[in-house]
Each structure stands twice: as structure tokens, then as C-alpha cells.
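Below, each chain spelled out in residue letters.
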Amino acid sequence: MAVIDAWARSSKSGRAKRAEAVIKRMNDISAETGNTSILPDKLTYTSLMNAIINDRRQGFEDKCAEILSMMEAGDERLKPDNVTYSSMIKAYSYANRPEQAEKLLRRMEKNGVAPGLVCYNSVINAYGKNNNPGSAQRAVMILEEMENVGINPDIMSYAICIDALGRSDEADRIKRAEEMFNRCIRRSKEPQQKSYKLSLPIFTALQSVYIRSDDDQKVQKTLGVIKQMEDNGIKPALTSYNHVLSACSRVPQHANDQLKEKVVEIAAKILEFLRNSDDLNPVSHTYNSLLWVCNLVSDPQERRKTINAVFRMCCQDGFLNRQCLASLKQVAGSRQFYELVGHKTGHVDITVLDPSWSRNVEGIQEFSPSRRQK
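Since this is a predicted model, take the numbers as computed values, not measurements.

(A) Region of the structure containing the overall build of the protein. Helix and strand counts for the protein come out as 18 helices and zero strands. Seen through its C-alpha atoms, the protein measures out along the principal axes to roughly 85 × 50 × 35 Å. Residue pairs at least 24 apart in sequence account for 61% of intrachain contacts in the protein once pairs closer than 6 positions are excluded. Per element, the accessible surface of the protein, about 19000 Å² overall, is 49% carbon and sulfur. Treating the 53 positive side-chain charges of the protein as one cloud and the 46 negative ones as another, the clouds have centres 3 Å apart.

Below you can see the structure in the form of C-alpha cells.
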């Protein structure tokens with residue numbers, strides 16, 4: 001069992017085949033010796049399923065389904081439990097087959113296995129990351145079903161549903177996401193929910209809803225979520241501020257001048273805050289968003305100066321990556337791009353530039369340390 005579990009957790013290619021070989025050997029030895037105590041049990045086969053899932057080869061979910069059916073048809077030693085079904089649900093989630101994941105909940109109930117929080121969350125996640133029409137609604141319905149059977153959703157249950165609503169095309173998606181967020185906040189304050197702790201994902205999910213929206217006030221609302229974090233004793237992370245900058249970068253150039261000026265002001269204040277912070281520093285994502293915010297500067301000369309300043313800070317901090325370079329191509333004219341980079345827009349790869357510009361970006365240069373270099 002320990003060997004199978006080790007292969008299931010391994011990152012090496014071919015882990016599933018090796019796990020299968022161990023199980024075959026266990027069956028062969030049992031047949032040769034008559035020793036049934038070494039036969040694979042439900043834990044062994046569940047680990048095999050996890051190895052197959054982690055390998056993620058074509059048809060992996062169908063192979064796991066075959067193993068599950070074999071276990072269901074076997075004796076008591078093989079009968080799948082909550083952990084086994086959870087692995088199978090995870091397989092369908094990874095395969096983007098949420099309907100099959102939900103059917104497993106019904107199959108569990110039919111087989112006398114009560115789905116737990118992990119199983120429900122896995123189904124919610126399967127629907128949550130699926131972009132088909134109605135998927136967000138199904139995720140919410142599964143959450144409500146969980147509550148109806150007496151299982152308390154956790155923060156991730158709510159966060160996944162909120163994020164799914166934000167990515168849906170439902171007309172009232174923002175209102176429903178806000179209602180679910182407020183419901184989560186209220187629940188955290190109930191005396192009987194002392195173990196229910198608010199955490200960053202629920203706030204990040206709401207920020208994502210605003211980022212994807214067409215709301216003219218999405219920047220202010222995304223920023224307002226940071227205030228809600230602080231009011232609830234949650235320390236904002238770098239991601240929290242980068243989400244605000246992402247919202248800023250998505251404000252269209254045709255927006256009114258007053259709104260654009262306000263957005264540029266907010267972005268500038270966040271950059272100043274991050275650069276002066278002891279524990280939160282700008283990274284590639286930060287600068288990529290800021291490059292797009294430069295497009296909102298109405299005056300051509302000021303816009304040019306702002307692009308120069310953002311690009312140079314990005315290089316100074318060592319966070320120039322391919323995405324930032326591609327964004328610079330879009331927001332700067334060909335002449336400005338050449339002045340900043342020293343190459344024409346159509347003939348440059350980041351690996352030919354000054355390595356110090358990308359020194360804190362993993363996987364670009366030979367010099368790519370695991371932590372930020374000053």
C-alpha cells in the first residue's frame with residue numbers, strides 16, 4: 001500500500017503504470033501462495049486511481065471509472081468509501097465533466113455512502129470551472145443541497161460559487177455573487193460558527209466578479225473589497241492589490257476623462273504603496289497591468305512619460321517577463337518600444353535583453369533565483 005501511495009504522490013512520469021505493476025505483482029503473489037492478506041484493498045485501488053489522475057493521460061477518467069465499478073462489484077474489502085468516490089469526482093472535475101461528477105453523488109447515496117464536504121466541494125468545483133451555460137447555477141444548487149442535508153459549506157464552497165457566478169453570463173450575476181458573499185460574512189459572525197473562519201479566497205472571488213464586469217465602478221468596488229478585508233481582520237495580500245490593478249487595466253479607453261483620471265490615480269497610489277511596503281512588492285503581474293493602465297492617460301506626452309516610468313521600474317525590479325514585453329508592444333508605439341528595448345517590435349525575444357531586467361522571473365534566464373533579488 002505504501003509503495004502504491006508513494007507512486008500516486010510522485011511527480012515522475014509513468015507513475016500510474018508503476019502503480020499498476022505493483023498491484024499486478026500483489027495479485028500474482030497471492031495467487032501463487034494462497035495468501036489473501038496481501039491482495040489489494042480499497043485503499044490500494046484508491047491510490048492507483050490517484051496515480052492515474054495525476055498522470056492525466058487521455059481517457060484517465062474512464063480508466064478510473066472502470067476501477068470504481070470493479071470495486072463496487074467486489075467484496076466488502078473493496079467497497080469504495082468517501083475517499084474513493086472523492087477521487088473519482090476529482091477525476092471528472094479535471095476532465096471537465098461536471099455532470100458525471102454530480103451523478104456520482106447520487107450513486108454514493110444509492111450505495112449507502114453519504115457524501116461529505118470534500119465530495120460536495122469537488123462537484124461544486126467541477127461546475128465552477130466549467131464555462132457552459134447554467135454551470136454556475138448548478139454549482140449554487142449543489143451548495144444549497146449540501147446545506148439542506150446538514151453539511152456546512154466552508155469558505156471554498158462559497159468562493160468557488162462566487163467565482164463561477166462572476167464568469168457566467170447571467171444578467172444578475174453580480175447581485176447574486178454579492179448576496180452569497182454577504183451571506184458568508186453573516187455566517188462567520190454567528191455565535192454557533194466559532195470554527196468558521198473568514199479567509200482571503202472569499203474576498204478574492206468577489207474581486208474577480210467585479211474585474212470581469214462591465215460596471216463603471218468596478219475599480220472602486222474591487223478596491224472596496226480590500227477595505228472589507230481589513231474590517232473583518234483579514235490582511236490583504238499582494239494578489240488583493242494586483243486584482244485592483246487588473247480592474248484598472250480593463251477600463252476602456254473610451255471611458256469618460258473623469259473616470260480615467262480617477263483610475264490612473266488609484267493605480268499610481270497602489271504602485272507607490274507596494275514599492276514602499278516592507279512585505280508586499282510589485283511583481284510581473286503588477287507591472288503588466290500598469291502598462292495597460294498607461295493607455296488611460298489622455299495627454300500623449302504624459303502617456304509616453306508614464307509608459308517609460310512603468311517599464312523602467314519593472315526592469316529595475318527585475319520583473320520583465322514575456323507578458324510584460326508583449327503588453328509594451330501593444331501600449332507603446334514602435335518608436336518608443338525601440339527606444340526602451342533597443343529592438344524593433346517584431347524582432348525581439350526577452351532572452352536577448354539585459355538579464356538583470358528579468359532576474360526575478362523564474363524560467364527565463366539562467367540567472368533565475370527562487371527569491372527576489374534586489
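(B) Highlighting the layout of surface pockets. Roughly 150 Å³ of volume is contained in the largest pocket. What lines the largest pocket is Val-264, Ala-267, Ala-268, Leu-271, Leu-290, Val-293, Cys-294, Val-297, Thr-306, Val-310 and Met-313. When residues of the lining of the largest pocket are traced back to their parent elements, those giving at least two are α14 (257-276), α15 (284-293) and α16 (300-316). Ranked by residues supplied to the lining of the largest pocket, first place goes to α14 with four residues. Here the lining of the largest pocket is built from residues that sort into ten nonpolar, one polar and no charged.

(C) Up close: the nonpolar core. The biggest cluster of nonpolar side chains holds 63 residues, and the ones touching the most others in it are Met-88, Ile-89, Leu-105, Ile-124, Ile-162, Ile-202 and Phe-203. A per-element tally of this core places helix α9 (residues 155-167) first, with eight residues. Counting 46 residues, the second largest nonpolar core, distinct from the first, contains Ile-211, Leu-238, Leu-271 and Val-310.

(D) Spatial organisation of the side chain of Ser-157. The residue Ser-157 is located in helix α9 in this model. Looking at Ser-157, its side chain comes within polar contact range of the side chain of Asn-121, at 2.5 Å.

(E) Structural context of the environment of Phe-311. Position of Phe-311 relative to the elements: it lies in helix α16. In this structure Phe-311 comes out as buried when scored by relative accessible area, which is 3%. Those residues in contact with Phe-311 that lie beyond four places of it in its chain are Leu-291, Leu-320, Leu-328, Leu-340, Val-341 and Trp-357.

(F) Molecular detail of helix α8 (residues 135-148). In this model α8 runs 20 Å from its N-terminal to its C-terminal C-alpha over 14 residues, within 8% of the 20 Å that 1.5 Å per residue would give. Every buried residue belonging to α8 is among Ser-135, Ala-136, Ala-139, Val-140, Ile-142, Leu-143, Glu-145 and Met-146, and all of these are buried. Summarising the contacts, the buried residues of α8 are in contact with α6 (98-110), α7 (117-128), α9 and α10 (173-188).

(G) Region of the structure containing the pattern of salt bridges. Enumeration according to the criterion identifies 25 salt bridges in this entry. The partner of Asp-55 in a salt bridge is Arg-57, and the shortest N-O contact between them spans 3.7 Å. Judged by its relative accessible area of 47%, Arg-57 falls in the partly exposed class. Where Glu-339 meets Arg-335, a salt bridge forms, and the shortest distance between an N and an O atom there is 3.4 Å.

(H) Representation of the packing of aromatic side chains. Under the defined criterion, the tally for this structure stands at three aromatic pairs. Here the aromatic rings of Tyr-241 and Phe-273 are separated by 5.0 Å at their centres, their planes lie at 40 degrees, and the arrangement is tilted. Taken as a pair, Tyr-241 in helix α13 (residues 238-249) and Phe-273 in helix α14 lie far apart in primary sequence, 32 residues in all. What makes Phe-273 partly exposed here is its relative accessible area of 39%. A centroid spacing of 5.8 Å and a plane angle of 85 degrees characterise the contact between Phe-311 and Trp-357, whose relative ring orientation is edge-to-face.

(I) Local environment of the side chain of Ser-87. With respect to the helices, strands and loops of the structure, Ser-87 is situated in helix α5 (residues 82-94). Look past the residues within four positions of Ser-87 in its chain and what remains in contact with it is Thr-46, Met-49, Asn-50 and Ile-53.

(J) Region of the structure containing the packing of α5 against α7. The contact between α5 and α7 brings their axes to 9 Å, and the two run at 5 degrees. Taken together, the axes of α5 and α7 are roughly parallel relative to one another. Only Val-118, Cys-119, Ser-122, Val-123, Asn-125 and Ala-126 of α7 make contact with α5, whose side of the interface consists of Asn-82, Tyr-85, Ser-86, Ile-89 and Ser-93. Counted by class, the contact of α5 with α7 contains six nonpolar, five polar and no charged residues.

(K) Focus on the packing of α5 against α6. Viewed as axis vectors pointing N to C, α5 and α6 meet at an angle of 160 degrees, and their least axial separation amounts to 8 Å. In terms of axis orientation, α5 runs roughly antiparallel to α6. In this structure, the crossing between α5 and α6 has a hand that is right-handed. Only Gln-100, Ala-101, Leu-104, Leu-105 and Met-108 of α6 make contact with α5, whose side of the interface consists of Asn-82, Tyr-85, Met-88, Ile-89 and Tyr-92.

Parameters at a glance
- Residues numbered from 1 in each chain as written.
- Predicted model: local features only at pLDDT ≥ 70, side-chain atom pairs only at ≥ 80, totals over all residues.
- Heavy atoms only, no water.
- Helix = DSSP H or I, 4+ residues; strand = E, 2+ residues; numbered from the N terminus.
- Contact = heavy atoms within 4.5 Å.
- Areas by Shrake-Rupley, 256 points an atom, 1.4 Å probe, with all protein chains shown as cover.
- Lys, Arg positive; Asp, Glu negative; His and termini not counted.
- Charge placed at Lys NZ, Arg CZ, Asp CG, Glu CD.
- 1 Å grid on protein atoms, 1.4 Å probe; cavity = no way out; pocket = protein on both sides within 12 Å on 5 of 7 lines; lining within 4 Å.
- Points joined across faces, edges and corners; volume = space filled by probe spheres on them.
- Nonpolar A, V, L, I, M, F, W, Y, C, P; charged D, E, K, R; others polar.
- Core = buried A, V, L, I, M, F, W, Y, C linked by side-chain atoms within 4.5 Å.
- Buried < 20%, exposed > 50% of the residue type's maximum accessible area, 1.4 Å probe, protein only.
- Polar contact = N/O pair within 3.5 Å; in protein donor to acceptor, adjacent residues only side chain to side chain.
- Expected span 1.5 Å × (residues − 1).
- Salt bridge = Lys/Arg side-chain N within 4 Å of Asp/Glu carboxyl O.
- Phe/Tyr/Trp six-rings, centres within 6.5 Å; stacked < 30°, edge-to-face > 60°.
- Axes fitted to C-alpha atoms, helices over the stretch in contact; angles between N-to-C directions.
- Parallel < 35°, antiparallel > 145°, perpendicular 65-115°, else oblique.
- Left-handed = near helix turned anticlockwise from the far one by under 90°.

These figures come from the coordinates and say nothing about function on their own.
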